[in-house]
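Analysis of the macromolecular model
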Amino acid sequence: MTHSPAAQANDLDALFAEMVPPEVLERLARTAWAEDLGPRGLDLTSAALARATGGAEASARVAHARLVAREACIVAGLPAISTLARVFAPGVKIMTHARDAQDADRGDVLAELTGPETQLLALERTMLNLLSRLSGVATRTRAFADAIPPDARARVYDTRKTTPGLRELEKYAVRCGGGGSHRMGLFDAVLVKDNHLAGVPDDALPAIIERIAREARALAAPDRVLFVEVEVDRAEQFERLVGLPEGVIDIVLLDNMSLADMRRCAETRDRYAPRLQLEASGGVTLETIADIARTGVDRISVGSLTHGARSVDLALDFDAPEPHGASTQGARS
């Protein structure tokens, strides 16, 4: 298991605290608790097993389990375990053996958990669901980031195409994979899309964009707008915007443009507005991202970092509890 460039370049503990507020994790944990344990907070199988094998004594049985990677992946989400455990398994102690953004090989132990067996069983599925999902996002992001040629200026970015309720965590996982985080929501940055500009002729575009940018910054004050970005789908639209005064817009999104048109926009930008960033978007794949990066864009947004990610295979392997000798090795729930 090795540290990734992302882990070396960022303080991921601080990043997790910044991107994932405690109330977000608490809400997630309690929602998961309710959907898994129901209105009575009951793990019916564990409760029945405890009564069948010794009642109160069985309920207090201590178990030891290992969180194991069943396939190679980029790890993400380990800091969330403590909050999940506080809700599902307050008597469980956690020892981590990995850090987020690390490369994990098949068979690597990411963490060990020790505590009441019934609590571990209650925690198991929610913990695996979340970490498998986040590690899947990080793993897919790493593949896209690695596909960008090292001499290109571009970096891969996420979008708002996230799982409802998991946005902060999935965007954090993108960072673990070496990607960049776009706006968090509709509240912190401006992206003027084609639907906003329906019916606006090209010659009126600069004036309306300048007014939108001014009003958005006034509405957001005293908070800072992360950026003002405008989507265009034709090089002619872009050439109308490139003459705006510096600082009106920060990024232009080149949506579903051909490689030739992206190169044309990059050359125009370099000539007239070198501080303006260009973002490519629309159907980007692992097979096309290298060619897109070579056009001279700064950012490549890929919705499938999140909506196309596959959860990786993680498991919680239990040691055999001594009192009744029944192994739950490789248990699934």
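Shown above is the structure to which this text applies.
Residues numbered from 1 in each chain as written. Predicted model: local features only at pLDDT ≥ 70, side-chain atom pairs only at ≥ 80, totals over all residues. Heavy atoms only, no water.

1. A look at the side chain of Thr159
Heads up, the rule is: In this text, helices come from DSSP runs of H or I with a minimum length of four residues, and strands from runs of E with a minimum of two, each type numbered from the N-terminal end. Between N or O atoms, a polar contact is any pair within 3.5 Å; within protein, one atom must be a potential hydrogen donor and the other a potential acceptor, and residues adjacent in sequence are included only when both atoms are from side chains. For this analysis, residues touch if any pair of their heavy atoms sits within 4.5 Å.
Structurally, Thr159 is set in the loop between strand 6 (155–157) and helix 8 (167–176). A polar atom in the side chain of Thr159 sits 3.0 Å from the backbone nitrogen of Lys161. When sequence neighbours within four positions are dropped, the list of residues in contact with Thr159 reads Lys171, Ser301, Val302 and Gly303.

2. Here's the deal with the pattern of salt bridges
Spelled out, the test is: The salt bridge definition used is simple: a Lys or Arg side-chain nitrogen within 4 Å of an Asp or Glu carboxyl oxygen. Buried residues are those whose accessible area, probed at 1.4 Å on protein chains only, stays under 20% of the maximum for their type, while exposed residues exceed 50% and partly exposed ones sit between those limits.
One pass over the full model with this rule turns up 22 salt bridges. For Asp103, the salt bridge identified is with Arg142, shortest N-O distance 3.3 Å. Here Asp103, found in strand 4 (residues 103–104), pairs with Arg142, found in helix 7 (residues 117–147); they are 39 residues apart in sequence, far enough to count as distant. Looking at Asp103, the relative accessible area reads 25%, which means it is partly exposed. Put simply, Arg153, Arg269, Asp270 and Asp298 are held in one network by salt bridges that share partners.

3. Some remarks on the sheet that holds strand 11 (residues 299–301)
Remark on secondary structure: sheet strands pair via backbone hydrogen bonds, oriented parallel or antiparallel. Heads up, the rule is: When DSSP locates at least two bridges between a pair of strands, those strands are taken to pair. Every axis corresponds to a line fitted to the C-alpha atoms, with the helix fit spanning only the stretch in contact, and the corresponding angles, defined between N-to-C directions, vary from 0 to 180 degrees.
Read across the sheet, six strands follow the order 6-11-10-9-8-7 without closing on themselves; strand pairing throughout is parallel. At either margin of the open sheet sits one strand with a lone partner, and together these are strand 6 and strand 7 (190–192). Strand-to-strand twist in this sheet, taken as the mean axis angle between neighbours without regard to direction, amounts to 25°. Bridge count for strand 9 (residues 251–255) against strand 10 (residues 277–281) is five bridges, and the pairing is parallel. Residue pairing across strands places Ile251 opposite Gln277, the latter belonging to strand 10.

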